[in-house]
Amino acid sequence: MSKRMLGLMIVGMLAMSACGSSKADSTDKKQPSDSSSSSSPASTDPTSTTLQLVDTTLGKVVADSKGMVLYEYVPDGSATESKVPAGVLAAWPPVVADGVPTLGPGLSAKSSTGAQPNGEDWVMYNGHLLYGFTGDTKPGDVNGNGVGSIWYALTAAGEPVQS
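Just so we're clear, the structure is a prediction, and the values are computed from it rather than from any experiment.

Draft legend 1. Fine view of the pairing of strand E7 (residues 121–125). A large share of E7 lies buried, amounting to 4 of its 5 residues. Pairing of strand E4 (residues 96–97) with E7, which is carried by 2 bridges, proceeds in the antiparallel orientation. Pairing of Ala 97 across the sheet is with Asp 121, part of E7. As defined by bridge partners, strand E6 (residues 111–115) adjoins E7 across 5 bridges and the pair is classed as antiparallel. Each bridged residue has a counterpart across the sheet, and for Ala 115 the counterpart in E7 is Asp 121. The hairpin turn running from E6 into E7, its antiparallel successor, is 5 residues long, and Gly 119 in that turn takes a positive phi close to 95°.

See the structure below:
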């Protein structure tokens with residue numbers, strides 16, 4: 001599947017999620033209804049809280065302890081609470097932590113966590129919540145970079161790779 005087609009699918013999912021959402025829907029995040037996100041290749045295991053740099057076609061970017069590239073969601077900005085629609089989290093699972101993540105060599109930005117309404121702490125790097133992408137199938141894949149012009153891998157300094 002081409003990156004463009006994948007991007008269109010994700011944007012469509014976002015649009016569909018937004019159509020039926022309201023402030024009242026935020027309580028849906030408290031429901032353990034999306035079990036598919038826990039089986040994705042992204043770092044959703046609370047014990048997997050080490051961030052590292054991996055070599056990719058984009059250069060060195062932030063990844064989880066297994067080498068899977070992690071992404072920011074631009075609409076989150078620097079908020080500690082995710083703005084990703086619940087239905088999209090199956091494709092873009094968050095990195096969940098039970099404490100402040102450990103940083104591997106070369107990572108210079110601040111790591112922290114952001115508390116979510118469901119009680120989970122999600123990993124942040126340089127003020128960005130981090131997400132995996134199910135379209136990345138092996139360490140170093142960057143298939144999610146630039147999808148919908150809202151998902152980007154991060155450099156060692158915690159800046160988005162917008163290329």
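And the narrative resumes.
Draft legend 2. Region of interest: the confidence of the model for the protein. Of the residues in the protein, 71% have a pLDDT of 70 or more, and the chain-wide mean is 79. The model gives residues 4–9 a pLDDT under 50, and that stretch makes 7 contacts with residues more than four places away or in other chains. Confidence drops under pLDDT 50 across residues 11–43; counting only partners more than four residues distant or on other chains, this segment forms 42 contacts.

Draft legend 3. Summary view of the pattern of salt bridges. Per the counting criterion, the structure on display carries 2 salt bridges. Close ionic contact of Asp 55 with Lys 60 constitutes a salt bridge, the shortest N to O distance being 3.1 Å. This pair shows no difference in class: Asp 55 is exposed, exactly as Lys 60 is. Of the charged contacts, one joins Lys 138 and Asp 141 as a salt bridge, the two residues approaching to 2.9 Å between their closest N and O atoms.

Reading the values: the criteria
Residues numbered from 1 in each chain as written. Predicted model: local features only at pLDDT ≥ 70, side-chain atom pairs only at ≥ 80, totals over all residues. Heavy atoms only, no water. Buried < 20%, exposed > 50% of the residue type's maximum accessible area, 1.4 Å probe, protein only. Helix = DSSP H or I, 4+ residues; strand = E, 2+ residues; numbered from the N terminus. Pairing = 2+ DSSP bridges. pLDDT = per-residue confidence, 0-100. Contact = heavy atoms within 4.5 Å. Salt bridge = Lys/Arg side-chain N within 4 Å of Asp/Glu carboxyl O.

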